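# Chains, contacts and geometry: an overview
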Amino acid sequence: MSTAGEPPRRSFLMEFFAAAIGGVVGLVPLAAGALVYFDPLRRKKPAASAVPITSLDAIPDATNGDALIGIYKISANRQDAWNLYPNEPIGSVYLVVPKGTKEVKALNATCPHLGCFVDVNQSEGGYSFLCPCHTSAFHGDGSRIMPCVSPRDMDELVCKTEPNSDKSGYDVSVVFQNFQPGLAKKTPKT
Ligand code: FES
């Protein structure tokens, strides 16, 4: 036997379920839109590639000490999840040939302590590197001159030196990467 209270309760339940079903149906296109919008964030970043930075007529002679080839600004296309920024400056690199080798080494010019730009300190006996911010000093091959507030040596980058196409000299390219400052372990910035 029905009572006066049942019809309102039944209609409340029906309204509740109708609203719940409507809510779920409405969420489907919203979720699909969010998936499409955030899709670039889920894609894996492509691995950094080697950027050609200079050609060398000859590897400098490093018989008597480290040889400094020069400093090179690096630009590259930068891409975040949604936009491409073409040819943006992303850092600088010192090219050196450590003493007694014929191997070109690329050092990131950003100080591993807190990220200042590391200068060259020329002297009669050769050169070294000096960070003006908190006086971290580095040998010509990028290793620290102790005591040093920098927690690690200058960051070495992957560097390729290959004979150019007509074998008249060498081309140098670098896989550029910035690293987290302040850490003892070289940790790539993402
Ligand atoms: S940032 Fe280079 S020594 Fe501090």
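That block above? That's the structure.
Because the structure is a prediction, the values reported are computed rather than measured.

## Some thoughts on the sheet that holds strand β1 (residues 51-56)
Pairing between the strands of a sheet is mediated by backbone hydrogen bonds and can be parallel or antiparallel. The strand order across the open sheet formed by six strands is β1-β9-β8-β4-β3-β2, and the pairing between neighbours is antiparallel. With one partner strand each, in any of the chains shown, β1 and β2 (67-79) form the two edges of the open sheet. The sheet shows a mean angle of 30° between the axes of neighbouring strands, direction not considered. Pairing of strand β8 (residues 156-163) with strand β9 (residues 170-175), which is carried by six bridges, proceeds in the antiparallel orientation.

## A short note on the state of the cysteines
Enumeration according to the criterion identifies one disulfide in this entry. Residue pairing for Cys116: its cysteine sulfur links by disulfide to Cys133, the two sulfurs lying 1.9 Å apart. For the disulfide bridge between Cys116 and Cys133, the dihedral angle about the S-S bond is near -95°, and by the sign convention the bridge is left-handed. Of this pair, Cys116 sits in the loop between β4 (105-108) and β5 (119-123) while Cys133 sits in the loop between β6 (126-130) and β7 (137-138), and the two are 17 residues apart along the sequence. For the unlinked cysteine Cys148, the closest cysteine sulfur is that of Cys111, found at 7.2 Å.

Definitions and cut-offs
Residues numbered from 1 in each chain as written. Predicted model: local features only at pLDDT ≥ 70, side-chain atom pairs only at ≥ 80, totals over all residues. Heavy atoms only, no water. Pairing = 2+ DSSP bridges. Helix = DSSP H or I, 4+ residues; strand = E, 2+ residues; numbered from the N terminus. Axes fitted to C-alpha atoms, helices over the stretch in contact; angles between N-to-C directions. Disulfide = S-S within 2.5 Å.

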